[in-house]
Amino acid sequence: MTAPGELVIEPKDGQPADACVFIIHGLGADGHDFEPLVPALALPKDSHVRFIMPHAPRLPVTINGGMVMPAWYDILAMDLGRRVDEVQLKKSAERIQALIQEQIDQGIDSRRIIVAGFSQGGAVAYHAALTFPAPLGGLLAMSTYFATADNIDLAEANRQIPVEVQHGNFDPIVPESLGRSGADRLKEMGYAVNYRQYPMAHALCPQQVNDIGKWLGARLN
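Since we're looking at a predicted model, the values are computed, not measured.

K.L.:
In this structure, what is going on with the side chain of Arg95? I would like to understand it.
P.N.:
Its location among the elements puts Arg95 in helix α2 (residues 86–105). In terms of polar contacts, Arg95 uses its side chain to reach the side chain of Glu6, at 3.4 Å.

Here is the structure:
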C-alpha cells in the first residue's frame, strides 16, 4: 500500500498561502471529488488559502465483498455503529497529520489550518484533528461518524477547536443518527460543537456549500 499523493490547489491570485484547508474524501472517491467545491465557496477575494485534497490508497473493503477501491480504512460491517479497522483508520489519520505538519514547517500557522472530511474521510478528520498536538483552526465533519470516539487520546492543544458537524436528514449511507451522535459525544467530552442538518441525502447541497464558505471565512479571516 503506497501513499498516492495529494491534489493541491494554490490561491487563485498567485499570492503565497497563509492558510490551509484539508478536505478528506469518502469511500471509493479521490481528492478530485471536492475540487469543484473550492470556487463555489466564494471566500473573500483577499483570502490566500491553499486547499489540499489527499487521495486514499486502494484497499480491499469487506462490506463491498472485498473489492479493492480507494479507502482510508476497511469497513467490516454496516451496522449502526460502523465496525471499522481502527488500525488502518489511525494510520490514515497519521498520514493527514504528517501533511499538516509539512504545512506548519512551511510557515503556515497551525491555527490557520482547517481539517474537513466527508463520510469515511470525516472519520479520519475527527481523529486527525482531535489528536493533533498543536492547535488547529477548525474541524468540519460532513455526513460522517465519530468512529474512534471510544478509543482516542485527545490532544489538550485542540480542546478548544471549533467543530462544525453537518449531515443530511435523508442520508441512506450514513444515517443522520450517526452524525448527531458524533456531535453529542464531542459535547459530552467538553467540546463546543455546532450541528447543522440539511434536507439532502449523502451529498452536499447549495445551502450547505454557502454555510461552509461562511464558516471557513470566519475561521480564517
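K.L.:
In this structure, what is going on with the nonpolar core? I would like to understand it.
P.N.:
In a soluble, globular protein the nonpolar side chains are often hidden away together inside. By size, the foremost hydrophobic cluster in this structure holds 44 residues, and its most contacted members are Tyr73, Leu130 and Tyr145. Residue assignment for this core shows that the elements contributing at least two residues are β2 (19–24), α2, β8 (113–118), α3 (120–130), β9 (138–142), β10 (163–168), α4 (176–188) and β11 (193–198). Of the residues forming this core, the biggest block, seven residues, is contributed by α3. Setting aside its immediate chain neighbours within four residues, Tyr73 contacts Leu59, Val84, Asp85, Gln88, Leu89, Gln120, Ala123, Val124 and Tyr145. By size, the runner-up hydrophobic cluster in this structure holds 22 residues, among which are Ile9, Val21, Ile212 and Trp215.

K.L.:
Explain unusual backbone geometry here, please?
P.N.:
As a rule of thumb, non-glycine residues mostly have phi less than zero, and peptide bonds are mostly trans rather than cis. We note that Ala42 has phi near 55 degrees; this positive angle belongs to a residue other than glycine. For Ala42, a relative accessible area of 65% translates into the label exposed. Of note in the backbone geometry, Ser119 takes a positive phi value of approximately 55 degrees without being a glycine. Assignment of secondary structure puts Ser119 in the loop between β8 and α3. Residue classification places Ser119 among the buried residues on the basis of a relative accessible area of 9%.

K.L.:
Honestly, the pattern of salt bridges in this entry has me stumped. Any pointers?
P.N.:
A complete count under the given rule lists 11 salt bridges for this structure. For the salt bridge of Arg50 with Glu10, the shortest nitrogen-to-oxygen distance reads 2.9 Å. You can see Arg50 sitting in strand β3 (residues 49–54) and its partner Glu10 sitting in the loop between β1 (6–9) and β2, a full 40 residues away along the chain. Salt bridges here are not isolated pairs; linked through shared partners, they connect Asp150, Arg185 and Glu188.

Cut-off values and rules
Residues numbered from 1 in each chain as written. Predicted model: local features only at pLDDT ≥ 70, side-chain atom pairs only at ≥ 80, totals over all residues. Heavy atoms only, no water. Helix = DSSP H or I, 4+ residues; strand = E, 2+ residues; numbered from the N terminus. Polar contact = N/O pair within 3.5 Å; in protein donor to acceptor, adjacent residues only side chain to side chain. Core = buried A, V, L, I, M, F, W, Y, C linked by side-chain atoms within 4.5 Å. Buried < 20%, exposed > 50% of the residue type's maximum accessible area, 1.4 Å probe, protein only. Contact = heavy atoms within 4.5 Å. Salt bridge = Lys/Arg side-chain N within 4 Å of Asp/Glu carboxyl O.

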